[in-house]
Amino acid sequence: MRAIFKREMRTFFTNPVGYIVLAVLFGFSGWFFYNNNLVGSEYGMGNPDLSHVFMNLFEIVLMAVPFLTMRLFSEERQRKTDQALLTAPVSLTGIVAGKFLATLLLLFIGLSLTFVFAIVVSTQVSVDWMVFFGNFFGLMLVGGLMIAVGLFISTLTESQFVSAIVTLAISIILIFLEQISLPLFDVEWIQSIIKFLSLSSRYSDFTAGLVYFDNVIFFLSFQALFLFLTVRVLDRRRWN
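The rules behind these values
- Residues numbered from 1 in each chain as written.
- Predicted model: local features only at pLDDT ≥ 70, side-chain atom pairs only at ≥ 80, totals over all residues.
- Heavy atoms only, no water.
- Axes fitted to C-alpha atoms, helices over the stretch in contact; angles between N-to-C directions.
- Helix = DSSP H or I, 4+ residues; strand = E, 2+ residues; numbered from the N terminus.
- Left-handed = near helix turned anticlockwise from the far one by under 90°.
- Contact = heavy atoms within 4.5 Å.
- Nonpolar A, V, L, I, M, F, W, Y, C, P; charged D, E, K, R; others polar.
- Phe/Tyr/Trp six-rings, centres within 6.5 Å; stacked < 30°, edge-to-face > 60°.
- Lys NZ or Arg CZ within 6 Å of the ring centre and 35° of its normal.
- Buried < 20%, exposed > 50% of the residue type's maximum accessible area, 1.4 Å probe, protein only.

**Here we look at the packing of helix H2 (residues 16-38) against helix H6 (residues 92-111)**
- Viewed as axis vectors pointing N to C, H2 and H6 meet at an angle of 35 degrees, and their least axial separation amounts to 8 Å. As for the relative orientation of H2 and H6, their crossing is right-handed in sense. Here H2 contributes Gly18, Leu22, Leu25 and Phe26 to the contact with H6, which in turn contributes Leu106, Leu107, Ile109 and Gly110.
- In terms of residue class, the contact of H2 with H6 is made up of six nonpolar, two polar and no charged.

Next comes the structure, spelled out in structure tokens:
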């Protein structure tokens, strides 16, 4: 797993996609902070509420993650190097975990600028650190789920474009499932299932600084599910 992790991190920083995604995350987060917490704030310099920054970053992460995951396995198939990878002395779980953790670390780096914003604000006023860490942790959990989805989709096609589009579509459906589905169903038990599976309502708890154990388990379980499916697809391809 360590070898795959190092390989993917090296690839991210020898490939323009990694730099572009980091530049987009840094650029937009700085812009949102400037508009919401500096000149755009009714409180003036030092508005302690960074929630709007994370709220806007949520949409950027939604768009950026598919571009990080689209090449993880699709490129291997396109270049015909996937068989060499699958027959390498590394377990399939190690391969998937290495790629997943490398992408998750890149996302963490892309969001790390928000810590600087919080420190800048704290020099002027008191920061609600529970809300800040809830927003950051929640966004990382959602991003991790999207990465797991992207990894799975990337194993199903050798087209990076198709991988990115399908990952984005599935992520949007999962996140906005409640808003899309509830108006269509009046059956109580179906609505209960939809609300249980709704990512947006669970994520909203984090934005208020409320880190519930069941929400954390929910996101981690779905990440594990898609990573498991990814391993199963790779295992089937290896034996075929």
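This is not the end of the story, as more comes after the structure.
**Comments concerning the packing of aromatic side chains**
- In total, this model carries 19 aromatic pairs according to the counting rule given.
- Geometrically, the ring pair formed by Phe115 and Phe133 is tilted, given 6.0 Å between the ring centres and 55 degrees between the ring planes. In this pair, Phe115 is assigned in helix H7 (residues 113-122) and Phe133 in helix H8 (residues 129-154), connecting sequence segments 18 residues apart.
- Members of the aromatic cluster, joined through ring pairs, are Phe54, Phe108, Phe115, Trp129, Phe132, Phe133 and Phe136.
- In this arrangement the basic side chain of Lys99 is found over the ring face of Phe73, its NZ or CZ atom lying 5.0 Å from the centre.

**Here we look at the environment of Ile193**
- Mapped onto the elements of the fold, Ile193 is located in helix H11 (residues 188-197).
- According to the relative accessible area criterion, Ile193 is partly exposed, its value standing at 40%.
- When the C-alpha atoms of Ile193 and Glu178 are compared, they prove to be 9.7 Å apart, with 15 residues separating the residues in sequence.

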